[in-house]
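# Structural characterization, general
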Amino acid sequence: MNGHENKAVRSANRKFFARTIPMLILMLIINQIDRTNVGFIKHSLETDVGISTAAFGFGAGLFFVGYALFEIPSNMLMDKYGARVWLTRIMITWGAVVFAMGFVTTPMQFYVLRFLLGVAEAGFFPGILFYFRKWVPNVYRGRATALILTGSAAAYLLSGPVTGGLLELHDFMGLPGWQWVLFIEGALSVLVGIVAAFFLVSKPEEAKWLTIEEKQALSTALQEAASSRDVDTRGSHAGN
């Protein structure tokens, strides 16, 4: 790749980082908040819904069962439909499940919705990393991954204050605080998922905010990286 093409690739990646990475970080932060909010409302679920400690632990575990079962199928579908469709689909559906959890009245409903939350979220973080392979050449991918991991770590710092603050809405409009947590955080996920559909672009060729030169240079760099991976994979298999 010559210097002129390198300049176009750098320009394309700057635009991608500025436009897309902040949205992905926001999605990850909300994902972490929605995944951990159940721990903050455990006592309320016990007193208001009758979900015992054992039932809560079983329901919390069902999330990981759903996630594990559907992670690989989710990643396969993302490859088929693209990041714009699939990452936003994941976010909108998990938000809908979190919102629906605000209506639980029995342990069985809690079990079903926790399992469905795992199904809905399956493949989200691996999907982001896969998305980078469609957009970010190897030389820039480490920085992209580092930014995402930093955003994920920040989510742990925000989940407590955000959920704790929403619990303070207890008895507002006659609703307990735990329902406000699930209704607001679930609705926020759906809203951000819809907004993200206008920011995410599955591949460079579809990006209207890149010049033709940037699209061509970035596509060439990504194809070269993919070819290099294929050669390495074939070499590894041959060595075995």
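Note: the structure precedes this text.
Residues numbered from 1 in each chain as written. Predicted model: local features only at pLDDT ≥ 70, side-chain atom pairs only at ≥ 80, totals over all residues. Heavy atoms only, no water.

## Topic: the layout of surface pockets
Taken as a whole, the largest pocket spans an internal volume of roughly 190 Å³. Listing elements by their share of the lining of the largest pocket, those giving two or more residues are helix 6 (124–133) and helix 9 (212–239). Among the elements that make up the lining of the largest pocket, the one with the highest residue count is helix 9 (6 residues). Taken together, the residues of the lining of the largest pocket sort by class into 5 nonpolar, 2 polar and 6 charged. (1 Å grid on protein atoms, 1.4 Å probe; cavity = no way out; pocket = protein on both sides within 12 Å on 5 of 7 lines; lining within 4 Å. Points joined across faces, edges and corners; volume = space filled by probe spheres on them. Helix = DSSP H or I, 4+ residues; strand = E, 2+ residues; numbered from the N terminus. Nonpolar A, V, L, I, M, F, W, Y, C, P; charged D, E, K, R; others polar.)

## Re a nonpolar patch on the surface
A cluster of nonpolar side chains, Leu188, Leu191, Ile194, Val195, Phe198 and Phe199, forms an exposed patch at the surface whose accessible area comes to about 550 Å². With respect to the helices and strands, the residue Val195 is situated in helix 8 (residues 177–196). (Patch = residues over 30% accessible without salt bridge, like charges linked within 9 Å, V, L, I, M, F, W, Y side chains within 5 Å. Areas by Shrake-Rupley, 256 points an atom, 1.4 Å probe, with all protein chains shown as cover. Salt bridge = Lys/Arg side-chain N within 4 Å of Asp/Glu carboxyl O.)

## Brief notes about the pattern of salt bridges
For the structure on display, the rule yields 3 salt bridges. Here Lys15 ties to Glu214 by a salt bridge, and the two come within 2.9 Å at their closest N and O atoms. Of this pair, Lys15 sits in helix 1 (residues 3–40) while Glu214 sits in helix 9; the two residues are 199 residues apart in sequence, bridging distant segments of the chain. The partner of Glu121 in a salt bridge is Arg35, and the shortest N-O contact between them spans 3.1 Å.

## As for the side chain of Thr163
For Thr163, the position within the fold is in helix 7 (residues 138–167). Look at Thr163 and you get buried, because its relative accessible area is 0%. Setting aside chain neighbours within four positions, we find Thr163 in contact with Ile33, Asn37, Phe40, Val181 and Glu185. (Buried < 20%, exposed > 50% of the residue type's maximum accessible area, 1.4 Å probe, protein only. Contact = heavy atoms within 4.5 Å.)

## Focus: helix 5 (residues 107–121)
With 15 residues, helix 5 ought to run about 21 Å at 1.5 Å a step, and its terminal C-alpha atoms sit 21 Å apart, in line with that. By the burial criterion, the buried members of helix 5 are Phe110, Tyr111, Leu113, Arg114, Leu117, Gly118, Ala120 and Glu121. Where helix 5 terminates, the next one or two residues include Gly123, which has phi positive at roughly 85°. (Expected span 1.5 Å × (residues − 1).)

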